[in-house]
Each structure stands twice: as C-alpha cells, then as structure tokens.
Amino acid sequence: MENTILKIVNLSAGFGKNWVLKNINLEIEKNKVIAIMGPSGCGKSTLIRCINRMHEITSGAILEGRIYLDGKDIFLMPPVAVRRKIGMVFQRPNPFPTMSIYDNVIAGYILNGIKLKREERDRIVEETLKKAYLWEEVKDVLYKRGVFLSGGQQQRLCIARALAMDPEILLLDEPTSSLDPKATSMIEELIIKLKKTVTVVLVTHNRAQAARVSDYTAFLYLGEIIEFDKTSRMFTAPKDKRTEEYLTGKFG
Amino acid sequence: MNLKRRILKDKLLKILVIFFSLSTLLPLFFVLFTVVKNGIAAIDLKFFTSLPVPAGEQGGGILNSIVGTFLLLIIAFLIASPFGILVGIFLTEVQNKFTDLLKILVNVLQGVPSIVMGIIGYLLVVKPMGGFSALSGGVALAFMMLPVVIKNTEETLRLVPSYLKEASFSLGTNYTRTILRVVLPAGMGGVFSGILIGILRIAGETAPLLFTAFGNPFLNINPLKPVDALPLLIFNYAMSPYEDWYKIAWGASFVLIMIVLILTIITKFIVRRWKTQF
C-alpha cells in the first residue's frame, strides 16, 4: 500500500499466559479514519494500546511481533517518543483535575517540561481548541478547571490535548461510549474533519459509528482480524461469513 | 400489637444512641472546661513574652517552651514529610513482598510507645553528638510522625484514578514526571492534611522529649542545644511543689490545646478546600 503510515506485522499480545491478540497484520494509510470494530472482549483496546506502547505498562503484559511507524520499529524507539507521535483518547473523558482548560490543552508541554513563549502557548491553545470545535464554547472560561465541563466537552478537550502535541496518529478508544447521542455526533463530525491533519484509528463496538466515520474497517473477532477492507465495501459485501453475521447483528 | 412493639423498640434504640453519644462527649467537655477555666486565669501578655523565673519568685512566662515547641515541630516536619511522602508514593506504586513487609513495619512503627522513640532519639542523636538538643527531640518526634504521613499519603494517592496516569503517559510523559506532576498534585490536599495530622499527633508528646530535647529554662533557637517544650514544661511544673507553678502549667495546657485546636481547624479547611474533583 502506498502512503502507509503504520504497519503491524505478526503482532500477538496478551496478559500472563493468555494471548488476547493472535498474529495481527494490518497496514494503515495516512490521513484516513480506520475503525477497529468487534464485540466486547475481542481485543480492540489491547490492539490500539499496543500501537502507542501503553499495553506494556500493565503488569503481566506479553507481546510479540513488530509495529512500524513511518518504516521505523516503534519497539526500538523510547516509549515516550512513540507516545508523542501517537496520541490517545480514552473511553472515559479524563482531563487533569488540577489544571485549567488552558493548561489541559498544553498539558503535554507542561508535563514534559517543554518551555513555550506566552504567544506560542496562546496560539497553540486557540488553534487546537478550534480544531477540536471547542473554542467557541470555552473561550471565556479558559482558566476554569476542565472537570467542570460537560462529558462531551471534556472528551473534546481530551482530543484537543492529544492534538496539541501534533501527533501523526490519533488513537481513539471508544471515545463516545460514555456520551449522549448529541455529544456523540459532534465527536463523529470532528473525527471526519480531523483526518485532514492526522490519521485516526478508532476503536468502536458500534457498527453504525464505524460505517458513518471510517474509510477502512477492521473486523476483530476473538483476537484475530477476520476482515479488513474499505468500509463501504465491507458493510455492503462482507467476504467472511462471521463479518456478515456480526454486521447483521447475529452476535456481539 | 406487633407494630406498636416495633415502634417502641425503635424509639428506645434512638434514645440509647443519643444517650451514649452525649456521654462520650462529656469527658471531652469536662477536659476543655477545666483547662480553659484554670488556664485563662494564668494568661496575660507577659505569660507569652517572658521566660520562667526561679522557684519562689512571682510571675514568669513560657516564651522558651512556645519557641521550643515550634522549633521541635519544624524539625520533625522537615524530617518526616519528605521521607513520609516518598515512602507513601513507593507503597502506592509498588506491590510486592517487600512493600507488604514495609506496610507491616509502618504499622509497627505507629504502635511503638512514645518513650521508646525517646530512647531511639537518645541513641541516634544525643549519644553520638554528646548532648541533649532540639535536633534529637525533633528526630524522636519525626519517628512518631512518620507513619502518619506515610499512611495518609498512601491512602490519598491510592484514590487518584489510574486513568489520570494513563492520560499523562499517553502524552509522552515519563514515569517520574507523571508521579510528581499529575498523581501527587491530584492528592495534594490529602498529603497536606496527613502532614498536619502528623504534627497534631506529636504536638502534645512528652515522653520522647524527656531525654532528647531535655528542657531548658532559657530561650534557645539553636537546634543543637536543649530546648523546652510545652508538654515538657507542663510535666515538670505540674510535678513541682510550688503553687504558682501549677498555675503556669494550666496556662501552658491551655496554650497547647489552642495550638492543637487551630491546627485541627486548618486541617479541616485544607481537606475541604483542596479536595480534587475527579
């Protein structure tokens, strides 16, 4: 594939003696939205947590295989460097409770001790919040704590926080599962707009969401990728019987 | 019939609960009342600003013990809080056989009688340095304060949700910075109140000071020289045969209780004010 930004080769991962992911191979194209879809417990979260090397933090984590970012093996890079290039947003909105909205956006810089000039900080905060479609709602309360925002706003703040580091890839781990439908549709619109600047990997157990926002979909089942194809093709003409059964709601 | 009996039982229990709650408060009120009544009579401005006078002379104050108490508390605070916070972080972050043992040891440390802490202070500081000092008293008190700070830090940091740590890691923050700039600030209120509770715990201790800080009738701010402390002064004066020394002991008790009371209020305030909303 041309324009490949991320290549996963023979990846297996799990906990203790239990392999959750079995021999995953996946190539992800730049500036696209890739949905990873599958029933609960199929290893979706584990898969994207491998991509930014968060899987290894868990005690008892096991891992085999290779992941290449722009052709470079991420397991040979320091985890800290990988995570700056590959941002992540979690299921539950988790802004830093001790920081203001402003500081939350540039938290990556603050926590890493990267000094920025005042104007530079202001610029990053404004630009990123605009990218995350949150600027209009919070521009007058920038110095209030982030935890006082609504759930959907908090989640967009977390997206802004990840975007502020200017990552190449943004991992979204079921970003709307704790949000109401309105907040969900705002996040979905945001995801579609984001692919201009960043490659998005979206984990979801919501088939409709995968269909709405993604260019490519990977169907993950029991730790294996059953099918990976253009979303439009997979949702209209799935090749594997299990994919078809999942899409028609026979399980999961 | 049955219903009536149940209602009656209910009322009876309520009365019992109220009765016993009030009766536990009685001793507290009695202590406060006695100390305030006897203490206030002894107190005037001179009481705070002058030094003790030799037995037989009238007047005299407790300036040396107030200064000494604060000096001891500051030394104990400076020793116990960094160690306590670091060990607390360690116990929160690491779980293995060693930390299990350490947790037991912290509990043991908490249960060690205060007089034994005094002996430890004597052996560790007084003996090698060749004399009684505020420093040795501070060390003995720090040993008493340490488990309180450790346990409070550990318990507060355990409450900091792991998703905050993950958020920090996901931004490329390393482990040390994550602990120092995300986890610790989120639990700061609890850590601080732990330190204050620790200070409250040691503010009234007499036994650890008997053969460390030793007592000193003169004003001293040198940590390497003996100092007096409020509980020491109360202990010595209350055992003396002089009537007006009793009065001074009452006054000192009042001052000590006020210090503890004010610290308690500050602690409550900090806990409420600095509570992090997750």
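Residues numbered from 1 in each chain as written. Chains lettered and ligands numbered in written order. Predicted model: local features only at pLDDT ≥ 70, side-chain atom pairs only at ≥ 80, totals over all residues. Heavy atoms only, no water.

J.: What exactly am I supposed to notice about the packing of helix H5 (residues 114–129) of chain B against helix H6 (residues 134–159) of chain B here?
T.: Helix packing geometry: the angle between the two helix axes and the distance between the axes. Residues and elements named next belong to chain B. The geometry of H5 relative to H6 is characterised by a closest axis approach of 8 Å and an angle of 140° between their N-to-C directions. The angle between H5 and H6 places the two elements in the oblique class. Judged by the sense of rotation from one axis to the other, the crossing of H5 with H6 is right-handed. Residues Ser114, Met117, Gly118, Ile120, Gly121, Leu124, Val125, Val126 and Met129 of H5 pack against Leu135, Ser136, Val139, Ala140, Phe143 and Met144 of H6. Along the lines of polarity and charge, the residues of the contact of H5 with H6 split into eleven nonpolar, four polar and no charged. (Axes fitted to C-alpha atoms, helices over the stretch in contact; angles between N-to-C directions. Helix = DSSP H or I, 4+ residues; strand = E, 2+ residues; numbered from the N terminus. Parallel < 35°, antiparallel > 145°, perpendicular 65-115°, else oblique. Left-handed = near helix turned anticlockwise from the far one by under 90°. Contact = heavy atoms within 4.5 Å. Nonpolar A, V, L, I, M, F, W, Y, C, P; charged D, E, K, R; others polar.)

J.: Would you mind going over the nonpolar core with me for this structure?
T.: In a soluble, globular protein the nonpolar side chains are often hidden away together inside. Ranked by internal contacts, the top residues of the largest apolar core, which has 100 residues, are A:Phe96, A:Leu129, A:Leu170 and B:Ile62. Considering every element that reaches this core, the biggest residue donor is helix H3 (residues 63–93) of chain B, with ten residues. Not counting chain neighbours up to four residues away, the residues in contact with B:Ile62 comprise B:Phe47, B:Ser50, B:Leu230, B:Leu233, B:Ile248, B:Ala252 and B:Val255. Formed by 34 residues, the second largest nonpolar core is a distinct cluster that contains A:Leu47, A:Ile48, A:Ala218 and A:Leu220. (Core = buried A, V, L, I, M, F, W, Y, C linked by side-chain atoms within 4.5 Å. Buried < 20%, exposed > 50% of the residue type's maximum accessible area, 1.4 Å probe, protein only.)

J.: Explain the pairing of strand S8 (residues 199–204) of chain A to me, please; I cannot follow it from the model alone.
T.: Each regular strand displays side chains that alternate between the two surfaces of the sheet. All names here are of chain A. Burial analysis of S8 places six of its six residues in the buried class, which makes it a mostly covered element. Here S8 shows no split at all, with Thr199, Val201 and Val203 on one side and Val200, Leu202 and Thr204 on the other all buried. In this sheet, S8 lies alongside strand S7 (residues 169–173) in parallel orientation, the contact comprising five bridges. Bridging from a neighbouring strand, Leu172 pairs with Leu202 of S8. The parallel pair S7 and S8, bridged by helix H8 (residues 181–194), forms a crossover whose chirality is right-handed. (Pairing = 2+ DSSP bridges. Right-handed = clockwise from strand over helix to strand, strands pointing away.)

J.: What am I meant to see in the interface of chain B and chain A here?
T.: How big an interface is tends to be stated in terms of the accessible area lost upon association of its parts. The partner chain A presents 27 residues to the 19 residues of chain B that form the contact. Here chain B and chain A share an interface that buries about 1,900 Å² over both sides, 63% of which is from carbon and sulfur atoms. Considering only the side of chain B, the residues that lose the most area to chain A are B:Tyr163, B:Ser170 and B:Leu171, jointly responsible for 32% of the buried surface there. Linking chain B to chain A there are one salt bridge. Residue A:Arg49 is joined to B:Glu166 by a salt bridge in which the shortest nitrogen-to-oxygen separation is 2.7 Å. (Buried area = accessible area lost by both parts, 1.4 Å probe. Salt bridge = Lys/Arg side-chain N within 4 Å of Asp/Glu carboxyl O.)

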